[in-house]
Each structure stands twice: as structure tokens, then as C-alpha cells.
Amino acid sequence: MQNPPDLRPDLAPKARFTDVARPGQPTIGMVSLGCPKALVDSERILTRLRAEGYAISPDYAGADAVIVNTCGFLDSAKAESLDAIGEALNENGKVIVTGCLGAEPDYITGAHPKVLAVTGPHQYEQVLDAVHGAVPPSPDPFVDLLPARGISLTPRHFSYLKISEGCNHKCKFCIIPDMRGRLQSRPAHAVMREAEKLVEAGVRELLVISQDTSAYGLDIRHAEDRGHRAHITDLARDLGSLGAWVRLHYVYPYPHVRDLIPLMADPASGLLPYLDIPFQHGHPDVLKRMARPAASARTLDEIAAWRSMAPDITLRSTFIVGYPGETEAEFDYMLDWLDEAQLDRVGCFKYENVAGARSNDLPDHVPEDVKQERWERFMQKAQAISEAKLQAKVGRHLQVIVDEVDEEAATCRTMADAPEIDGNLFIDEGHEILKPGDMLTVKVDEAGEYDLWGRMVGS
């Protein structure tokens, strides 16, 4: 039994393609699966190809070859990746595979022997070599081979900013370190240069991502270069000075995280009062079996301290139910922990084995029907907390950013909402004057389980 996509709160927004090919221009298609970190890899690959004279096709029929950027986080993600590869082969025929699942080339070629090449995660040069072999470049010297502005697969007003690769944790259920390696932080000045270019190009929200954002710079001894220090607190302060919203994802609750909270409490800092922290479970014994930090009681104290410094902070997290050995008492403990933590945004996976993960060998695996029943109870609890928290926002004035406008409404997000994984705020009166990327103040009129409705202040 595998987690379907709607039970996997690790997915990036759907990639958007806007390129238009000139006559005779070689054209590449891209299928980008998995998390925002993979979406950034897709953007980098396409930026390099565009600079070499390739156009980017939004469909199979218009492409001379297709790159499938795969996810290998869970067996359900692997199955989705294999399906996408098969579809691309059927619809196009020329397929190059990259991404996390590319770390298992035999697994891919065993299912799809006709793929042209398989490369692993962030192996950009190998992907380009494979594209060159399948579809030789044919640049127009008058319009191609110029330094291209980075291709973005997200709407123009927000962008993911990847600050590091890899992870030094050894969680038993995860094989990401095996696929993406140990922590490799980017120099802070390079991150800042990319962020500055994004903001200059119209990006109004920077979503900071990595495998372990809190550990940023640890591998390079928090090196300082060109006025910027590779430490998450310094980087957050520097990014916040650019005038865009800055949202932190994948933050482990290390003690130094508390140094970020005063920045989040200061509206002038640019750092949103939002922390995405993967707690995974509430019971210390389960956390020990996961090989994760197990001080769940101290974590509750830390949450209380964060809220005392920044009362409006939004806490988002993901959890796993049905981990091997999880007893009913341990699961009930987690529900009680969630009651006390009162997290604002919560996603949940049902545990599933992943080839190569050490958790596969643990005793006392939980039956599928019990996992499902626990998942439903967990989400019912999380939904009730979310609904109560959103109801408390009715009548408040909130700043929002507009993501999309159609005939029925403007779909917006508050500071408490990351794209795709969190809720929305809808404006259904007077929204015709709005456009994506607008920022405005809204009075909240109504709340649901995960979403809000409101009207523009003054309308």
C-alpha cells in the first residue's frame, strides 16, 4: 500500500512553461516531479539548455526529447516516476532520466530499457551531455548563446532559493543522504547574488529550501566571504534586506533556531514569521527508533518560547504515522502532543518501506488498515486545530500576496501560507483589478478548515 500524491505533502507546485520556439529550433520537454529542491534542479537544467539555444516545450508532441526529473523519496514517488517515464516514452520516445531516482539506474532501466540515459540528482553536466547526444544544439548566433535570465518554473512573483545540497542526518526511514550525499552549503555571497537577481526580475517572495536549512554553512565552517557569512541567521537577515518576503523551509529545531525568532517578530526584517519544521513524531521512543532528536517535551518548551517572542508565528510540520513498532499508546501520545503544540499547518505520511532504508528491517511493522485508521484520526485532529486557528483570524487585517486571478476570485496567500502545501485566502469581490504578485491588505470575513475568505480593505 503506497501513499497517493494527496497524502504526500512534499510536492512542488506544478511547473509552468512559457517558452515559444522559433522555426527549426531544437526543443526539449521537461517533466519535473517531487519536491521544490527537484524543481530548482529542473530550472537550472533548463536555464543551461536555453542558453545553448534550445527551446522548452510544454508538451510531448512539441519536443525533440524529454527529460524526466524523478523523485525517489518514497516507493509511491518511485512508482509515480516510473509511470511518468513510461508515459514520456509512449508519447515521445526519446527520454532522458535524471533526479533522485537516477541514483538507481538499474531500477529504471529494468522497467524502461529504452531510456536514452540515466543520471543522478544535480548531475547537470551529464544531463546536458545526454541532451547533446539525443538532440544536437543548433543555435542562432543572433539570438542564442547569450547569458540567459534563469528559467523559472514557478509564477514570476515567487521563487525557490536552494542554499545547500545533501544532509548529515541518518534517519532510518530516509535514503535522501544516500542519493544526494552529505551537506554541501553554497557560499553565502553566491546565494545572495542569486537572490538579488531574482528580486530585480520581479520576485516578491523567496522560499528558502535545502535538506536541512538549520545546518546551512556548518560544512564550510560558516565561512564569511564578500561581506556575507554562511550561517542561517546571518543569511536570513541578509535576504530580508532585499525587500521581498523570505520564507524558511525544512528547519530542524536546533537551539540556534531561536535566534531567528526576533527577526521574524520584526515586520521590517522581511523574514516571515513562518517555520517549516519536520517533527515527524511526538513520542520520544518512536523518535529514537527513527534515529531523530527525541526530546519532544523540550520541543514543546521551545515552541512556547518561540510564540512568546513572536505571537503571530506560523508553525508547519510533517509527521509519519504507522512507523514500525508504533503502539496505540505511542500514537495517542502523539495526538496529545499535537493538541499541546497546536501547530498551524500539518501534513502527514503513512509509513511505507523504501528500498535501502534501515527502517525496513525494524520489527513489528504496523498493518495497513491500522496505518490508515491512524492517519484519519491524526488528520481529523490536525484539521480541528487548523479550523479553530483560522476562525480566530476572522475580522483581522492581513497582508496577502496574489497568486492567481480568474473570473470567480483572486487566489491569495497570507504570510502563514506557502505555495501549494498550505491554504489560501480568496477574494471574490472587486478582484478584477488584481494581478499575480500584487500585495495588499485584506480583512478576513470567513474561515474554513484550511482556507480563508476576505475583502480588500477600503472596498
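Everything numeric in this text was worked out from a predicted model, so none of it was measured.

Caption draft 1: Quick look at the nonpolar core. Of all hydrophobic cores here, the largest spans 50 residues; its most connected members are Leu239, Leu248, Leu275, Trp306, Phe319, Leu343 and Phe378. With 6 residues, helix 11 (residues 328–341) is the largest single contributor of residues to this core. Contact partners of tryptophan 306, with chain neighbours within four places excluded, come to Pro253, Val257, Arg258, Ile261, Leu275, Ile277, Ile313 and Leu315. Ile45, Tyr124, Ala130 and Phe158 belong to the second largest nonpolar core, which has 32 residues in total.

Caption draft 2: Spotlight on the packing of aromatic side chains. Evaluated as defined, the whole model comprises 9 aromatic pairs. Consider the rings of phenylalanine 173 and tyrosine 323, whose centres lie 6.3 Å apart with planes at 85°: the pair is edge-to-face. Placement of the pair is phenylalanine 173 in the loop between strand 7 (164–165) and helix 5 (176–180) and tyrosine 323 in the loop between strand 14 (314–321) and helix 11, with a sequence separation of 150 residues. Tyrosine 323 carries the same exposure label as phenylalanine 173, and that label is buried.

Caption draft 3: Inspection of the environment of methionine 192 at higher detail. Checked against the element boundaries, methionine 192 lands in helix 6 (residues 188–200). It is 14 Å that separates the C-alpha atoms of methionine 192 and threonine 233, two residues lying 41 residues apart in sequence. Excluding residues that lie within four positions of it along the chain, methionine 192 makes contacts with His228, Leu235, Asp238, Leu239 and Leu242.

Caption draft 4: Representation of the sheet that holds strand 3 (residues 65–70) in the model. On the basis of which strands lie adjacent, the open sheet formed by 5 strands has the order 2-1-3-4-5 and parallel pairing. Looking along the sheet, the strands with just one partner apiece sit at the ends: strand 2 (55–57) and strand 5 (117–118). Across 2 bridges, the pairing between strand 4 (residues 95–99) and strand 5 is parallel. Paired with valine 97 across the bridge in strand 5 is valine 118. On top of the sheet, helix 2 (residues 75–91) reaches strand 1 (27–32), strand 3 and strand 4; it is set at about 175° to strand 3, its chief contact. In this fold helix 4 (residues 124–134) packs onto strand 1, strand 3, strand 4 and strand 5, with an angle of close to 175° to the strand it touches most, strand 4.

Caption draft 5: Inspection of the pairing of strand 20 (residues 452–456) at higher detail. Pairing geometry for strand 18 (residues 425–427) and strand 20, over 2 bridges, is parallel. Of the residues in strand 20, the one forming a bridge with leucine 425 is leucine 452. The pairing of strand 19 (residues 439–447) with strand 20 spans 5 bridges and is classified as antiparallel. Pairing of valine 444 across the sheet is with glycine 454, part of strand 20. Where strand 19 folds back onto strand 20 in an antiparallel hairpin, the turn is made up of 4 residues.

Caption draft 6: The UniProt feature "binding site: [4Fe-4S] cluster 2" (unreviewed entry) in the protein chain, seen in detail. Mapped onto the present numbering, the UniProt feature "binding site: [4Fe-4S] cluster 2" (unreviewed entry) falls at Cys167, Cys171 and Cys174. Relative to the helices and strands, cysteine 167 resides in the loop between strand 7 and helix 5. When residues no more than four places from it in sequence are discounted, the contact partners of cysteine 167 are Pro177, Gly181, Arg182, Leu183 and Gln211. Within the secondary structure, cysteine 174 sits in the loop between strand 7 and helix 5.

Caption draft 7: How the structure looks around the side chain of threonine 70. As for its placement among the helices and strands, threonine 70 is situated in strand 3. A polar contact of 2.7 Å, which involves the side chain of threonine 70, links it to the backbone oxygen of threonine 98. Setting aside its immediate chain neighbours within four residues, threonine 70 contacts Ser81, Ile85, Val97, Thr98, Gly99, Cys100, Leu101 and Gly102.

Caption draft 8: Looking closely at unusual backbone geometry. Unusually for a residue other than glycine, histidine 222 sits at a positive phi of about 50°. Histidine 222 gets classed as partly exposed once you look at its relative accessible area, which sits at 22%.

Caption draft 9: Region of the structure containing the pattern of salt bridges. Inspection of the entire model under this criterion finds 29 salt bridges. A salt bridge links glutamate 194 to arginine 44; its shortest N-O distance comes to 3.8 Å. With glutamate 194 in helix 6 and arginine 44 in helix 1 (residues 36–51), this pair connects stretches of sequence that are 150 residues apart. On the accessibility criterion, arginine 44 (25% relative accessible area) is partly exposed. For arginine 307, the salt bridge is made with aspartate 344, and the minimal N-O distance between the two is 3.6 Å. In this pair, arginine 307 sits in helix 10 (residues 296–309) while aspartate 344 sits in the loop between helix 11 and strand 15 (345–350), placing the two residues 37 residues apart along the sequence. The class of aspartate 344 is buried, set by a relative accessible area of 15%. Here the salt bridges share partners, and the residues they tie into one network are Glu326, Glu328, Asp332, Glu373, Arg374 and Arg377.

Calculation rules
- Residues numbered from 1 in each chain as written.
- Predicted model: local features only at pLDDT ≥ 70, side-chain atom pairs only at ≥ 80, totals over all residues.
- Heavy atoms only, no water.
- Core = buried A, V, L, I, M, F, W, Y, C linked by side-chain atoms within 4.5 Å.
- Buried < 20%, exposed > 50% of the residue type's maximum accessible area, 1.4 Å probe, protein only.
- Helix = DSSP H or I, 4+ residues; strand = E, 2+ residues; numbered from the N terminus.
- Contact = heavy atoms within 4.5 Å.
- Phe/Tyr/Trp six-rings, centres within 6.5 Å; stacked < 30°, edge-to-face > 60°.
- Pairing = 2+ DSSP bridges.
- Axes fitted to C-alpha atoms, helices over the stretch in contact; angles between N-to-C directions.
- UniProt positions renumbered as here; feature names shortened; annotations may be inferred.
- Polar contact = N/O pair within 3.5 Å; in protein donor to acceptor, adjacent residues only side chain to side chain.
- Salt bridge = Lys/Arg side-chain N within 4 Å of Asp/Glu carboxyl O.

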